[in-house]
Amino acid sequence: MTRSIRLLVALGAAMLLALGLLSPVATATAAPKASAPTAQRDLVEIPAKAAVRQAVAPSECAGTLLDGYVDGLLSDMTTEQLTFLFAHLDTLLDVPTYDALFFGTTGDPDYALESHAHQLQNTFRDLRRFWDIESADIQLMAMHGDVLLDADRIAATLTAMVEAGEIAPMTPAQIELEAQTVADFMQTQGDFYDNPLWTLNAYAFSGEDETDPVLAALPDKLVFGDGILAAYDAIGLGDVGPRVIMAHEFAHHVQFELGVFDTGPTDPAEATRRTELMADAMAAYYGVHKKGLALNQKRVTDALLSFYTVGDCQFASPGHHGTPLQRERAAAWGAELAAAAKPRSYVLPAATFIELFEDALPGIISGS
Ligand SMILES: [Zn+2]
């Protein structure tokens with residue numbers, strides 16, 4: 001709360017209103033963008049955007065660790081940086097994510113894992129062994145904020161986003177100007193390009209069901225931002241958090257591979273809730289299982305719920321992940337299934353796990 005007051009002092013309410021950050025409409029828009037009316041949801045949900053809006057105009061849904069962490073990042077910025085952030089919010093938060101999506105490959109040093117590299121590589125290898133799906137084609141990589149120092153890379157990413165309909169149309173001249181403006185600013189601001197806010201996410205991507213030929217041709221990816229790793233370190237969950245989030249993201253690849261990602265409810269919010277709760281349950285199963293991380297249930301649940309709670313109160317948003325209670329029940333269900341394994345080392349086939357989950361889902365949602 002105090003954070004929002006300080007922000008208002010720094011920027012002025014009129015400016016925030018002009019940017020749409022204080023309107024109730026804007027705070028509820030994780031919804032499809034006006035430029036892409038046919039899109040069901042964004043290719044990649046960027047939780048930091050909602051967290052920044054939450055910092056400016058807190059609602060009753062405040063209070064996740066992500067929100068608190070973002071408040072801290074914002075309060076460390078200078079007024080000049082905050083002003084620039086709100087004037088270029090989409091570019092700063094979209095470009096590192098979509099640069100990795102469109103152009104990242106595992107072997108490219110620009111996308112090499114740095115923070116937590118061994119932990120992530122080991123967990124990735126372990127997950128590929130744990131779940132019985134075809135996973136050799138998934139590329140694990142990092143996203144780094146330093147793309148924001150490079151006008152050519154920013155321009156290439158914005159161009160690809162416009163072509164994919166992910167952002168409103170921009171002319172080549174507009175893209176060039178925006179890319180140069182952001183790169184020029186970042187080059188004068190020390191390590192601001194490396195702020196965790198730009199890369200505060202991890203995501204799984206598969207082009208399998210994409211109709212756009214460019215997207216369909218992209219390899220399967222699992223992308224980790226430096227920011228989310230820094231955030232887990234900052235809240236003392238650096239040992240468990242990255243591994244559990246990787247298990248959640250890997251679960252989305254299990255869903256892609258088994259073709260169950262789009263077989264749920266037709267309502268986009270309900271569909272997302274189903275796949276997210278399923279990913280939580282799979283992550284908890286792996287996290288607690290003797291052949292997985294063999295962690296206790298509470299640590300796994302804490303790590304799962306600490307960040308991925310954006311959209312909790314936006315029940316109609318396509319990015320809705322389920323309420324914290326539903327997510328807790330999904331994680332508990334997966335953890336109990338792991339604890340009940342007989343023999344202890346037996347791992348369910350992924351398809352069987354998913355069948356059991358579908359049966360349990362109504363109870364996980366309703367709590368009865
Ligand atoms: Zn997810």
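For the structure given in this document, a descriptive report is provided here. Predicted, not measured: the structure shown is a model, and the values here were computed from it. (Residues numbered from 1 in each chain as written. Predicted model: local features only at pLDDT ≥ 70, side-chain atom pairs only at ≥ 80, totals over all residues. Heavy atoms only, no water.)

### Topic: the overall build of the chain
On a plain count of helices and strands, the chain comes out with 17 helices and 3 strands. For the chain, the proportion of contacts with a sequence separation of at least 24, taken over those separated by at least 6, is 77%. Counting every atom, the chain has about 15,100 Å² of accessible surface; 56% of that belongs to carbon and sulfur. (Helix = DSSP H or I, 4+ residues; strand = E, 2+ residues; numbered from the N terminus. Contact = heavy atoms within 4.5 Å. Areas by Shrake-Rupley, 256 points an atom, 1.4 Å probe, with all protein chains shown as cover.)

### Examining the coordination of the zinc ion
Coordination of the zinc ion by the protein is provided by His-248 (NE2), His-252 (NE2), Glu-276 (OE) and Glu-276 (OE), with metal-donor distances spanning 2.1 to 2.7 Å. Between the donor residues of the zinc ion, the gaps in sequence give the motif H-x3-H-x23-E. In this pair, His-248 and His-252 both sit in helix H13 (residues 241-258), 4 residues apart, roughly one turn of the helix. The pair formed by His-248 and His-252 is uniform in burial state, with each residue classed as buried. (Donors = N, O, S within 2.8 Å, 3.2 Å for Na, K, Ca; no water. Buried < 20%, exposed > 50% of the residue type's maximum accessible area, 1.4 Å probe, protein only.)

### Let's talk about the pattern of salt bridges
If charged atoms from side chains of opposite charge come close, those side chains can pair. Under the defined criterion, the tally for this structure stands at 9 salt bridges. With a shortest N-O distance of 2.5 Å, Arg-299 and Asp-239 are connected by a salt bridge. One end of the pair, Arg-299, is in helix H15 (residues 297-307); the other, Asp-239, is in the loop between helix H12 (226-234) and H13, and 60 residues separate them in sequence. With a relative accessible area of 34%, Arg-299 lands in the partly exposed category. A salt bridge links Asp-302 to Lys-298; its shortest N-O distance comes to 2.8 Å. With Asp-302 and Lys-298 both in helix H15 and 4 residues apart, the pair spans about one turn of that helix. The network of salt bridges with common partners includes Lys-49, Asp-90 and Asp-94. (Salt bridge = Lys/Arg side-chain N within 4 Å of Asp/Glu carboxyl O.)

### Section: unusual backbone geometry
Of note, the bond from Lys-342 into Pro-343 is cis; its omega dihedral lies within 30 degrees of zero at -10°. Looking at where Pro-343 falls in the secondary structure, it is placed in the loop between helix H16 (324-339) and helix H17 (350-366). The phi angle at His-116 is positive, at roughly 55°, despite the residue not being glycine. Backbone geometry places Ala-294, a non-glycine residue, at a positive phi of 55°. Structurally, Ala-294 can be placed in the loop between helix H14 (268-288) and H15.

### What to know about the sheet that holds strand E3 (residues 221-225)
Through backbone hydrogen bonds, the strands of a sheet pair up, either in parallel or in antiparallel fashion. Across the sheet, which stays open at both edges, the 3 strands sit in the order E1-E3-E2 with mixed pairing between neighbours. Strands with a single pairing partner mark the edges of an open sheet, and in this sheet they are strand E1 (139-143) and strand E2 (202-205). Taking each pair of neighbouring strands and ignoring which way they run, the sheet shows an average axis angle of 20°. Relative to E3, E2 runs antiparallel, the two being bridged by 4 bridges. Considered in E3, the bridge of Phe-205 is made with Lys-221. (Pairing = 2+ DSSP bridges. Axes fitted to C-alpha atoms, helices over the stretch in contact; angles between N-to-C directions.)

Functional significance is not addressed by these values, which are geometric in nature.
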